[in-house]
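Examination of the molecular architecture
The primary structure of each chain is shown beneath.
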Amino acid sequence: MFTVLSGGTGTPKLLRGFKDSEDLAVVVNTAEDIYASGNKITPDIDSVIYTIAGVIDDEKWWGIRGDTFNTYNALKAMGHYEELMIGDKDRATHIIRTELLRYGSTLTEATLELCDEFEIKTRVLPMSEEDVTTVVSTPEGDMHFQDFWITFRGEPEVKDVRLLGALKPTDEVMDVLGMSENIIIGPSNPITSIGPILALEGVKDALQVKFVVAVSPFIGDKPISGPAAKLMKAKGFEPSTRGVAECYKDVVDVFIMDQRDNTDLSGYDFEVDKFDTLMTNTEKSKALADFVLSKCV
């Protein structure tokens, strides 16, 4: 068994390169979860499930490919505006999750039920059952990460990023980390996607006795996607491949950066390898996934 730590965009691109298997577990960030129109939305978990199931909208990397927006538009016409543009099939996922939670299921149980609904073998696990929230501090005030990224389009200056809530991993997460000889840190945002997972009690300690392979979401000083640069800078890290290496230096054994990246990481106590990390199609995702697995023990 091996385990992948994932956020909602970069790592799902890598996950589409792996075979859907009972030997694979994915621990997913839940610090960006929100409620919309009474339903609990776990955007990173949904992106992982949809990707493995082969139904992700791979132009946006969220939602379901070919979805309709009848409910969203009807709500808008009635004066009820949702910040997130939620598709009809996507909304069905949120409704089922929320109903399961309402009737006593844990978030882990509800997520595994959704894995069954989408007919995937991979164990997709929320990082925590606790309500953990990523808060972004800006000159406009503190805001939920989703407000920063969706409402304000990631434009405000970022002064700080912090987590609110009890940082307790689930028993299931600690179990799969314990059973997995290899842990893969996917190319997701180091601060708001992978950071919350690593901040959970006991997770870093668990990783320090495992073989860890990390894939950088940067090429030099440019993030492949998303607002990682300004978030890293706000937390005191250089917004670059070197900054990512600093984030993971205490746990990583092999660090993979893009083949076009000339960053010198010779001072770090881990193996550095290069490969094409721009996963612009499924074939490139499979090639990178195979390369990552070749580095595992």
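This part is about empty space enclosed by the protein. Using the criterion set out here, one finds 1 cavity of 30 Å³ or more in the structure. Here the largest cavity defines a volume of roughly 30 Å³. As for the largest cavity, its lining consists of Asp57, Lys60, Trp62, Gly63, Ile64, Asp67, Phe69, Gly87 and Asp90.

Once that is clear, we can look at the layout of surface pockets. Considered as a void within the structure, the largest pocket measures approximately 1,000 Å³ in volume. Lining of the largest pocket is provided by 45 residues; of these, Thr9, Lys60, Trp61, Trp62 and Trp149 occupy positions nearest its centre. Sorting the residues of the lining of the largest pocket by element identifies α1 (10–15), α2 (43–53), α4 (88–102) and α6 (145–151) as the ones contributing at least two each. With 5 residues, the single largest contributor to the lining of the largest pocket is α2. Here the lining of the largest pocket is composed, by residue class, of 22 nonpolar, 15 polar and 8 charged.

A separate point is the environment of Asn39. Turning to its location among the elements, Asn39 is positioned in strand β4 (residues 39–41). Since its relative accessible area comes to 12%, Asn39 is described here as buried. Distance in space between the C-alpha atoms of Asn39 and Glu238 is 37 Å, their sequence separation being 199 residues. In contact with Asn39, not counting residues within four places along its chain, are Ile34, His94, Ile95 and Thr98.

A few words now on the side chain of Asp273. One can find Asp273 in strand β14 (residues 271–275). When its relative accessible area of 14% is taken as the criterion, Asp273 is described as buried. Residue contacts for Asp273: discarding those within four places in its chain leaves Val254, Phe255, Ile256, Met257, Phe291 and Lys295.

Turning next to the sheet that holds strand β8 (residues 160–164). Ordered by their spatial adjacency, 3 strands build an open sheet running β7-β6-β8, and the pairing between neighbours is antiparallel. Since the sheet does not close on itself, it has two edges, and those belong to β7 (141–144) and β8, each with one partner. In this sheet, adjacent strand axes meet at a mean angle of 30° when their direction is disregarded. Pairing of strand β6 (residues 133–138) with β8, which is carried by 5 bridges, proceeds in the antiparallel orientation.

Okay, α4 next. Compared with the 21 Å implied by 1.5 Å per residue over 15 residues, the 21 Å span of α4 between its first and last C-alpha is a close match. Among all positions in α4, only Asp88, Asp90, Arg91, Thr93, His94, Arg97 and Thr98 are buried. Packing partners of the buried residues in α4 comprise β4, α2, α3 (70–77) and α5 (107–117). Phi turns positive one or two residues past the end of α4, at Gly104, with a value near 105°.

About the thresholds
- Residues numbered from 1 in each chain as written.
- Predicted model: local features only at pLDDT ≥ 70, side-chain atom pairs only at ≥ 80, totals over all residues.
- Heavy atoms only, no water.
- 1 Å grid on protein atoms, 1.4 Å probe; cavity = no way out; pocket = protein on both sides within 12 Å on 5 of 7 lines; lining within 4 Å.
- Points joined across faces, edges and corners; volume = space filled by probe spheres on them.
- Helix = DSSP H or I, 4+ residues; strand = E, 2+ residues; numbered from the N terminus.
- Nonpolar A, V, L, I, M, F, W, Y, C, P; charged D, E, K, R; others polar.
- Buried < 20%, exposed > 50% of the residue type's maximum accessible area, 1.4 Å probe, protein only.
- Contact = heavy atoms within 4.5 Å.
- Pairing = 2+ DSSP bridges.
- Axes fitted to C-alpha atoms, helices over the stretch in contact; angles between N-to-C directions.
- Expected span 1.5 Å × (residues − 1).

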